[in-house]
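Coordinates in review
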Amino acid sequence: PWRPGLLEMVLVGRVSDVIGLGDIVFPASLVSWGFQSNMAYAYASIGGYVLGSLMTEVASTFGPTQGLPALIFLTPAMLGTVSLVAIQRGEWDQVWKGRTD
């Protein structure tokens, strides 16, 4: 049956994974914003994506449940790395409140 908002990956004739659009759309939007705003934010968001992916793999491998949504780790990791860069650069207000002054 079709489930809106999910993409299924078929490998060797069987469904191996389900990816929610939030696992794709949010990260892509944040990386795109980073490239548009400042290259430092783009690199931070990509680094956060890698960190979040690693945390997801570790939690899925060693955690009590399998099939843990990647969005649980991707979003906080990406926003965290972008936030750290904003704090380091003194641009917290510009990033989170949209100020350009």
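Residues numbered from 1 in each chain as written. Predicted model: local features only at pLDDT ≥ 70, side-chain atom pairs only at ≥ 80, totals over all residues. Heavy atoms only, no water.

So, on to the pattern of salt bridges. For side chains bearing opposite charge, pairing can occur when the charged atoms are close. If you walk through the whole model with that rule in mind, you get two salt bridges. A salt bridge links lysine 97 to aspartate 93, with the shortest nitrogen-to-oxygen separation between them at 3.7 Å. Of this pair, lysine 97 and aspartate 93 both sit in helix H4 (residues 92-97), four residues apart, roughly one helical turn. (Salt bridge = Lys/Arg side-chain N within 4 Å of Asp/Glu carboxyl O. Helix = DSSP H or I, 4+ residues; strand = E, 2+ residues; numbered from the N terminus.)

Moving on: the packing of helix H2 (residues 39-62) against helix H3 (residues 71-89). Where H2 meets H3, the axes come as close as 7 Å, and the angle between the chain directions of the two elements is 145°. The element H2 and its partner H3 pack so that their crossing is right-handed. Across the interface between the two elements, Ala40, Tyr41, Ala44, Ser45, Gly48, Tyr49, Leu51, Gly52, Ser53, Met55, Thr56 and Ala59 from H2 touch Phe73, Leu74, Ala77, Met78, Thr81, Val82, Val85, Ala86 and Arg89 from H3. Partitioned by chemical class, the residues of the contact of H2 with H3 number 14 nonpolar, six polar and one charged. (Axes fitted to C-alpha atoms, helices over the stretch in contact; angles between N-to-C directions. Left-handed = near helix turned anticlockwise from the far one by under 90°. Contact = heavy atoms within 4.5 Å. Nonpolar A, V, L, I, M, F, W, Y, C, P; charged D, E, K, R; others polar.)

Summarising the element assignment, threonine 81 is placed in helix H3. One polar contact links the side chain of threonine 81 to the main-chain carbonyl oxygen of alanine 44, over a distance of 2.7 Å. Setting aside chain neighbours within four positions, we find threonine 81 in contact with Ala44, Ser45 and Gly48. (Polar contact = N/O pair within 3.5 Å; in protein donor to acceptor, adjacent residues only side chain to side chain.)

Attention now goes to the nonpolar core. Leu30, Val31, Tyr41, Ala44, Met78, Val82, Val85, Ala86 and Val95 form the largest nonpolar core, which has nine residues in total. Going through the elements one at a time, helix H1 (22-37), H2 and H3 are the ones with two or more residues in this core. Not counting residues within four places of it along the chain, the set of residues in contact with alanine 44 comprises Thr81, Val82 and Val85. (Core = buried A, V, L, I, M, F, W, Y, C linked by side-chain atoms within 4.5 Å. Buried < 20%, exposed > 50% of the residue type's maximum accessible area, 1.4 Å probe, protein only.)

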